[in-house]
Amino acid sequence: MRRYIRTLLFSISLVLAASGFNAAAQIDAQLTQYWALPSYYNPSSIGNVDFIHITAGSKLQWIGVKHAPMDFMALADMPFKFLGKRWATGLVVQQENVGLFSSQTIAAQIAWKKKMLGGTLSVGGQVGLINQTFKGDSVLMTDADMAHTSADDAIPDGVVNGKAFDVAAGVTFTHKWFWLALSGTHLTAPTINMKAGENEENLYQFETGRNFYLMAGSNIPIKNTLIEIQPSIMVKTDTKFWQYEATARFRYNKFLSAGVAYRHKDAVCAMFGAEFKNFFVGYAYDFPISAMNKATHGSHELFLNYNVKLNLGEVNKNKHKSIRIM
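About the thresholds
Residues numbered from 1 in each chain as written. Predicted model: local features only at pLDDT ≥ 70, side-chain atom pairs only at ≥ 80, totals over all residues. Heavy atoms only, no water. Helix = DSSP H or I, 4+ residues; strand = E, 2+ residues; numbered from the N terminus. Buried < 20%, exposed > 50% of the residue type's maximum accessible area, 1.4 Å probe, protein only. Contact = heavy atoms within 4.5 Å. Areas by Shrake-Rupley, 256 points an atom, 1.4 Å probe, with all protein chains shown as cover. pLDDT = per-residue confidence, 0-100. Pairing = 2+ DSSP bridges.

J.: How would you summarise the overall build of the protein chain if you had to cite specific residues and measurements?
T.: A tally of regular secondary structure across the protein chain gives one helix and 19 strands. In the protein chain, buried positions account for 47% of the 326 residues. Counted over contacts in the protein chain with a minimum sequence separation of 6, partners at least 24 positions apart contribute 55%. About 16800 Å² of surface is accessible on the protein chain, with carbon and sulfur atoms providing 64% of the total.

Here it is as structure tokens:
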């Protein structure tokens, strides 16, 4: 028997209403510092510099709201040369918890790069696996509920999970003065079939919808100062709903940075960052301007980036040096 999971838990309703996207959209985390982690949304945004690029971070959304989204992720990428051409490879690992749902994603990325028009064109793809779990044994339902009963077989009475193959693709153009990226995630719109065990009669389904992203940014040095202005935008859609945000950051002496952002009808954000040698740490705080501000004082996001220098020249091209011994 095929049934779609239905849950009227208040926490899930909050997630859907405030995000403006369907349930599938929550598989992609809402990152305020998207400009620092573009490869999370776009597999072509990897290998732009000669470093092994490692990032770990977390987003705790809507602090104070029970079962609000929590995301933990790790990303890594590096360039390499093959047949005289420049390529890049990457890895994405993510854990997300939203209400009684939890998902784990692991994906591999590959990108091909070509210099053109004074910049670099990158075309990339991503293949991976999504594991989805629903804690049906934590659903609280009483027979007094007019819509459902405690015996409703449309809601599992135990933990169910399932896996599905996932695909993403994108294109990025980087220039000395700007960058532009277009991408799509969950392009096959996989349906995850979930059941408690091999002999479980009921089969539940979770639909993962496609999402599309446009990201762009620039780096504008202010003459005769150590300050750079770094504006950026992000537009995302599932073809039914649209959301955009605009960001303005200021970077001082390639060391300290700060900025503000506006996410349409959702939040205003503040962010701070510091870099030292090959380390970068970034923090962002989102203050909701939607009805969610009655339930939460905001969201927190933190990530740490670490780079290991690579040498892609003809001499010792396969060697690299860790900044720990520089």
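Now that the structure has been shown, the text picks up again.
J.: Give me the lowdown on the confidence of the model for the protein chain, citing residues and values where you can.
T.: Taken residue by residue, the protein chain gives an average pLDDT of 84. The fraction at 70 or more is 79%. Contacts of residues 1-25 to residues separated by more than four positions or lying in other chains number 68 contacts, the stretch itself having pLDDT below 50. A low-confidence stretch, residues 314-326 stays under pLDDT 50, and its non-local contacts, those more than four residues away or across chains, total 20 contacts.

J.: Could you give an account of the pairing of strand β6 (residues 119-135), with specific residues and numbers?
T.: For a regular strand, side chains alternate in direction, first toward one face of the sheet and then toward the other. Of the pairings in the sheet, the one linking strand β5 (residues 101-116) to β6 comprises 16 bridges and is antiparallel in character. By the bridge assignment for β6, Ala108 is matched with Val127. Counting the residues that bridge the hairpin from β5 to β6 gives two residues, and of these Leu117 lies at a positive phi of roughly 55°. Here β6 pairs with strand β7 (residues 159-174) via 16 bridges, running antiparallel. Within β7, the residue paired with Phe134 across the bridge is Val160.

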